[in-house]
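# A closer look at the structure
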Amino acid sequence: MLFFVKVRVDVDKLVDLGQRLQAGAIQTHPVITYCLKEDPSIGLNIWEAEDREAFEKAFAPHREYYSEVMETVPVITPQEAQKILMEQMAGK
């Protein structure tokens, strides 16, 4: 499963987060990460996990570095979306 996660990084903990990631103390799991140009403390991530429980387990060590978790929602690929939409159109 894929999850879209929007967070606000706690900038006071940013150095510690970077050091722990580099040292391998916590694992990174996002497939891709971008930050908002207007507010670089906001990260937009796509995470991959077997299911919601596995996602929560992988995400847990990162939570302390975020001042806010704004959104966490399951997402699908464009190919999966196209298939679903085509099936819906065929059913009309």
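A few points on the structure. (Residues numbered from 1 in each chain as written. Predicted model: local features only at pLDDT ≥ 70, side-chain atom pairs only at ≥ 80, totals over all residues. Heavy atoms only, no water.)

Let us now look at the packing of aromatic side chains. Counting across every chain of the model gives five aromatic pairs. Ring geometry for F3 against F55: centres 4.7 Å apart, planes inclined by 25°, an arrangement best described as stacked. With a gap of 52 residues between them, F3 in strand β1 (residues 2–9) and F55 in helix α2 (residues 52–63) connect regions that are remote in the sequence. F55 matches F3 in its accessibility class, with the two residues each being buried. Chaining the aromatic ring pairs together yields one cluster made of F3, W47, F55, F59 and Y66. (Phe/Tyr/Trp six-rings, centres within 6.5 Å; stacked < 30°, edge-to-face > 60°. Helix = DSSP H or I, 4+ residues; strand = E, 2+ residues; numbered from the N terminus. Buried < 20%, exposed > 50% of the residue type's maximum accessible area, 1.4 Å probe, protein only.)

This part takes up the pattern of salt bridges. Scanning the entire structure with this criterion turns up five salt bridges. Note that E68 and R8 form a salt bridge whose closest N and O atoms lie 3.6 Å from each other. On the criterion of sequence distance, the pair formed by E68 in strand β4 (residues 66–75) and R8 in strand β1 is long-range, its members being 60 residues apart. Accessibility expressed as a relative area gives 36% for E68, which makes it partly exposed. The residue E56 makes a salt bridge to R63 at a minimum N-O spacing of 3.0 Å. Relative accessible area serves as the criterion here: at 27%, E56 is assigned to the partly exposed category. Taking the relative accessible area as the measure of exposure, R63 reaches 35% and is therefore partly exposed. Each of R8, D39 and E68 takes part in salt bridges that share partners, so that together they form one network. (Salt bridge = Lys/Arg side-chain N within 4 Å of Asp/Glu carboxyl O.)

The nonpolar side chains of soluble globular proteins are, as a tendency, buried together. Membership of the largest hydrophobic core is limited to ten residues, which are F3, V5, V7, V9, W47, A49, F55, A58, F59 and Y66. If you list the elements that add at least two residues to this core, you get β1 and α2. The element best represented in this core is β1, accounting for four residues. Setting aside anything within four residues of it in sequence, one finds F3 in contact with N45, I46, W47, A49, D51, R52, F55, V73, P74 and V75. (Core = buried A, V, L, I, M, F, W, Y, C linked by side-chain atoms within 4.5 Å. Contact = heavy atoms within 4.5 Å.)

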